[in-house]
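# What the coordinates show
Spelled out, the chains give:
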Amino acid sequence: MNRRSFLQLLVDGAPLPHYDEVLHDAVAGAASPAEIADLHAEHTLALQLRDTLEKRRSRHEQQRALVECAKELAEDRSDPDTILSLIVSQAQRLLGCDMAYLSLNDNEGRATCMQVMVGATSSAWKDVRIPFGIGIGGRVAATGTPFSTPDYFSDERLTHDPAVDTSVRAERQVSIVGVPLRTSAVIGVLFASNRTPGWFSHDAIALLGSFATLAATAIEQARSRDDQKQTLAALRRENEALRQRTVDQERAVAAHDQSMAIVLRGGGVQEVVAAAGDQLGGVLAIFDEFETPVAWTPGASREVLRAMAAAAGGAAGRSAVAHDGTYWVTGLVAGTENLGTLAWGPPAAPSEVGDLDRRLLARAAVVASLLQLFSRNLAAAEARVRGELLDDLLTPTPRTYSSLAERALRIGYQPQKRHAVVVAHIRAENRQSLASVASDLAAARDGLSTVRDGQAILVVPSDDPSLTGRQIARSLTTRLGSPVTAGAAGPVDDPADLPSAYAEALACVQALLRLERVGAAATADDLGYAGLLLGDGASAVRFVERTLGPVIRHDEQRSTALMETLGTYFATGQSLVASAKRLHIHPNTVTQRLDRVRRLLGMDWNSPDHTLEVQLALRLHRLRRELREPDG
């Protein structure tokens, strides 16, 4: 065997037992002890050379792995938290250890705080703060020099802390090494640990230290990128906010100019709705104090307007913009005077309505209030003319109504429409503003008003006098701050019928006052016979006409005996047979006549409430006929 055999093993990278086999064969063929000694020396030298080559190869592999890790860190552009996870994963791979973890320093709190760990089997390490000088992490963070221990709990060089020891014990860590993460200063600690005792080699510690230097740079770069990203995002938000403020300012200026233009040219509330609709989108509507729409976005459905009116009812008299869950509403207010309500259904979700939208809505409400106030001031000037006309209409005179009708048309009153007559009563001490408030309400409904004997009389278009009476009573009560009692009559569509309707409404309000129903509103139909008993004397005639008028006229026009049959029917206790005997007719004839009465008076003419009224009307009718007949 010559020395080239050992060299060949080195070149081939042969396993260690092959060296012993070569030595054994060579010694067996040696010629002398000196040659054997030389063979042993060459064997020893070959093993030393092999060990040196293995160390260099291992170091080279470590350096290559370090370069690969450095390249991966340099190429990664993740957020800081992701970079930390990558660092500990690479550290574990470099050293081939059981666990790797990392902490970052809190210099103000004088502690290094655990951030991320790989190879852990519990969560005890999370949120652990290691005070400077305590354990391995605190020692490395405070001194900036690496530290390694083969057995953590038996190492007398270390100062222990219960919380730190608990986390170490939970992971069954024994041998631990920590190296500083350093840039211009120590920013944290990088750890590697095993669950068995033993020293980490100087090469391993040096390798971990070199990687920690690269990792610290990567952490700082990631932080810098994150700070730049946050700064850029903040700048973008500020830029967007500035852009939005500019847009909002332009919208506000445009809204102001448009509002002033509407006011200066004497526009109406419909123009306000149109302008606000252009600015805000969605559906807008203005309601008067009766919750009746007076202007709205073209195309708005009746269902939407009804829903908006309900929302408007809760905001009457309030100047603040409020939200009921679907609609934004604000009152049209001038001083203490309620001029109506503006309601808005936004095109987007309520949460997307901004401050500018609410300010634009409030501005539209102010402009609408101004226009409503201007309109009412103009109406007040016309109120005197209207009041004089109504006084003439309510006062029967020999003059024909044709001239009054011409006057009515000149001031915008249309007498051919169906109207309700409302008489409103309020305590004497609260009548100071009764005339002006009643005039406003009447003008708002294209009606007339006047005051007689301290009571307001309003004639307004309506097909439902009962509802109109209640609305006017409620509105007058709100605006005058004191209960208003109202009687209503109608509807009438001939000015010649206004005096009698006025007398009926006056009788109703007197009946309510006698019943101590202050603040209520009713028509003669609402009061029934109670109104007859408590009203004025003239109400008896109207009661009979209202209750039995169709039957009386049927008898007069067709010479029938329905009134006689009706009187006999009640006189005999509502017995068909007894009525037939007294009238000397067949019971079927009685039934037929009562069917005719039902068709004339309605299906419920003989219900308990109506029966009493019918019998009372029959007696009054008979009494009036008896009083008109001359003494025999």
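Residues numbered from 1 in each chain as written. Predicted model: local features only at pLDDT ≥ 70, side-chain atom pairs only at ≥ 80, totals over all residues. Heavy atoms only, no water.

### Some remarks on the overall build of the chain
To be explicit about the condition: In DSSP terms, a helix is any run of H or I states spanning at least four residues, a strand is any run of E spanning at least two, and both are numbered starting from the N terminus. Exposure categories follow from relative accessible area, calculated using a 1.4 Å probe and restricted to protein chains: below 20% of the type maximum is buried, above 50% is exposed, and the middle band is partly exposed. Only heavy atoms enter the contact rule, under which two residues are in contact if any of them lie within 4.5 Å. The Shrake-Rupley method, run with a 1.4 Å probe sphere, supplies the accessible areas, and residue values consider only the shown protein chains as cover.
If you tally the helices and strands in the chain, you get 21 helices and 16 strands. Here the chain, with 632 residues, has 42% of them falling under the buried criterion. Pairs at least 24 residues apart make up 58% of the contacts formed inside the chain by residues separated by at least 6 positions. Of the roughly 32,800 Å² of accessible surface on the chain, 52% is carried by carbon and sulfur atoms.

### Notes on the sheet that holds strand S16 (residues 521-523)
As a reminder of what qualifies: When DSSP locates at least two bridges between a pair of strands, those strands are taken to pair. Where helices are involved, their axes are fitted lines through C-alpha atoms of the stretch in contact, as for all axes, and angles between N-to-C directions lie from 0 to 180°.
Pairing is mixed in the open sheet, where 5 strands are placed in the order S13-S14-S12-S15-S16. Each having just a single partner strand, strand S13 (448-452) and S16 make up the two edges of the open sheet. For this sheet, the mean angle separating the axes of adjacent strands, direction not counted, is 20°. Of the strand pairs in this sheet, S13 and strand S14 (residues 455-461) are connected by 5 bridges, and their pairing is antiparallel. Residue pairing for S14: leucine 448 is matched across the bridge by valine 459. Across the sheet, helix H13 (residues 465-480) lies against strand S12 (419-425), S14, strand S15 (485-492) and S16, angled at about 145° from S15, the strand it touches most. Here helix H14 (residues 498-514) sits on the sheet and contacts S12, S13, S14, S15 and S16; the angle it forms with S15, its principal contact strand, is near 150°.

### Here's the deal with the packing of helix H19 (residues 576-583) against helix H20 (residues 587-601)
Filter applied, for reference: If an angle is under 35 degrees, it is roughly parallel; if it is over 145, roughly antiparallel; if it lies from 65 to 115, roughly perpendicular; otherwise it is oblique. Gly counts as polar in this scheme, as do all residues outside two lists: the nonpolar Ala, Val, Leu, Ile, Met, Phe, Trp, Tyr, Cys and Pro, and the charged Asp, Glu, Lys and Arg.
In contact at an axis separation of 8 Å, H19 and H20 are set at 105° when each is read in the N-to-C sense. Taken together, the axes of H19 and H20 lie roughly perpendicular to each other. Listed contacts from H20 to Leu576, Ser579, Ala580 and Leu583 of H19 are Pro587, Val590, Thr591, Arg593 and Leu594. Residue classes in the contact of H19 with H20 are distributed as 6 nonpolar, 2 polar and 1 charged.

### Focus on the packing of aromatic side chains
The test is simple: Any two rings among Phe, Tyr and Trp, with Trp reduced to its six-membered ring, count as a pair given centres within 6.5 Å; such a pair is stacked if its planes are under 30 degrees apart, edge-to-face if over 60, and tilted if neither.
Taken as a whole, this structure holds 2 aromatic pairs when the rule is applied. Pairing tyrosine 101 with phenylalanine 191 gives two aromatic rings, centres 4.5 Å apart and planes at 15°, and the pair type is stacked. Note that tyrosine 101 is positioned in strand S1 (residues 99-106) and phenylalanine 191 in strand S6 (residues 186-194), a separation of 90 residues in sequence. On the basis of an interplanar angle of 90° and a centroid distance of 5.0 Å, the ring pair of tyrosine 152 and phenylalanine 153 is categorised as edge-to-face. Under the relative-accessibility criterion, tyrosine 152 is labelled buried at 2%. A residue is classified by how much of its surface remains accessible, and phenylalanine 153, at 35% relative accessible area, is partly exposed.

### Remarks on the side chain of threonine 523
Along the chain, threonine 523 turns up in strand S16. Here threonine 523 is in contact with Pro465, Ser466, Ala488 and Cys508, once residues within four sequence places are set aside.

### Digging into the pairing of strand S10 (residues 328-334)
Most of S10 sits out of view: 5 of its 7 residues are buried. Pairing of S10 with strand S11 (residues 337-345) involves 7 bridges; the strand directions are antiparallel. Looking across to S11, one finds that tryptophan 328 is bridged to tryptophan 344.

### Let's talk about the environment of leucine 16
By secondary structure assignment, the location of leucine 16 is in helix H2 (residues 16-28). A C-alpha to C-alpha distance of 8.1 Å links leucine 16 and leucine 47, two positions 31 residues apart in sequence. When sequence neighbours within four positions are dropped, the list of residues in contact with leucine 16 reads Leu47 and Arg50.

### A closer look at the sheet that holds S6
Strands sit in the order S3-S2-S1-S6-S5-S4 across an open sheet of 6 strands; the sheet is antiparallel. Only two strands of the sheet have a single partner each, and these edge strands are strand S3 (129-131) and strand S4 (147-149). Between one strand axis and the next, the sheet turns through 25° on average, direction left out of account. Across 6 bridges, S1 lies against S6 in antiparallel orientation. Following the sheet pairing, serine 103 is matched in S6 by valine 189.

### Some remarks on the confidence of the model for the chain
What counts is decided by this rule: How sure the predictor is of each residue is captured by pLDDT, a score from 0 to 100.
Residues of the chain with pLDDT of at least 70 account for 78%, and the chain-wide mean is 78. Per-element averaging of pLDDT across the chain places helix H16 (residues 529-534) at the bottom with 51 and S4 at the top with 94.

### Some words on H19
The line we're drawing: Relevant arc is that of directions from the helix axis to the C-beta atoms, nothing else. Think of a polar contact as two N or O atoms within 3.5 Å of one another; within protein, one of them needs to be a possible hydrogen donor and the other a possible acceptor, and neighboring residues in sequence only count if both atoms come from side chains.
Inspection of H19 places Ser579, Ala580 and Leu583 among the buried residues, and these make up the whole buried set. Each buried residue of H19 sits inside an arc of 100° when the element is viewed along its axis, so together they form one side. Pointing more than 90 degrees away from the buried face of H19 are the exposed residues Lys581 and Arg582. Taken together, the buried residues of H19 touch helix H18 (562-571) and H20. Put simply, serine 575 is the residue that caps the front of H19, since its side-chain oxygen is 3.2 Å from the backbone nitrogen of alanine 578. Within two residues after H19, histidine 584 carries a phi angle of roughly 60°, on the positive side.

### A look at the environment of valine 437
With respect to the element layout, valine 437 can be found in helix H12 (residues 434-444). Put simply, valine 437 and alanine 456 are 19 residues apart on the chain and 9.5 Å apart in space, counted from C-alpha to C-alpha. Aside from chain neighbours lying at most four places away, what touches valine 437 is Leu476, Arg479 and Leu480.

### Some words on the environment of valine 294
On the secondary structure map, valine 294 appears in strand S8 (residues 293-296). Along the primary structure valine 294 and valine 269 are separated by 25 residues, whereas in three dimensions their C-alpha atoms are 8.0 Å apart.

### Some points on H14
For clarity, the threshold we go by: For a helix, the expected span equals 1.5 Å multiplied by the residue count minus one.
For H14, which comprises 17 residues, the first-to-last C-alpha distance of 24 Å matches the rise-based estimate of 24 Å (1.5 Å per residue) to within 8%. The buried fraction of H14 amounts to 12 of the 17 residues, a majority that puts the element mostly inside the structure. Buried within H14 we find Leu498, Pro499, Ala501, Tyr502, Glu504, Ala505, Leu506, Ala507, Cys508, Val509, Ala511 and Leu512. Following H14 by one or two positions, glutamate 516 has its phi on the positive side, about 60°.

### Looking at the pairing of S6
Of all 9 residues making up S6, 9 are buried, and the element is well covered by its neighbours. The turn linking strand S5 (residues 175-182) back onto S6 is made up of 3 residues.

### Things to note about the pattern of salt bridges
This is how the line gets drawn: The working definition used for a salt bridge is a side-chain nitrogen of Lys or Arg within 4 Å of a carboxyl oxygen of Asp or Glu.
Considering all chains together, one arrives at 7 salt bridges under this definition. Two residues, arginine 223 and glutamate 220, come together in a salt bridge whose shortest N-O distance is 3.3 Å. A residue pair is termed a helical-turn pair when its members lie 3 or 4 positions apart in one helix, as arginine 223 and glutamate 220 do in helix H7 (residues 202-264) at 3 residues. Relative accessible area serves as the criterion here: at 32%, arginine 223 is assigned to the partly exposed category. The class of glutamate 220 is partly exposed, set by a relative accessible area of 31%. Between glutamate 303 and arginine 306 there is a salt bridge whose closest N-O contact spans 3.8 Å.

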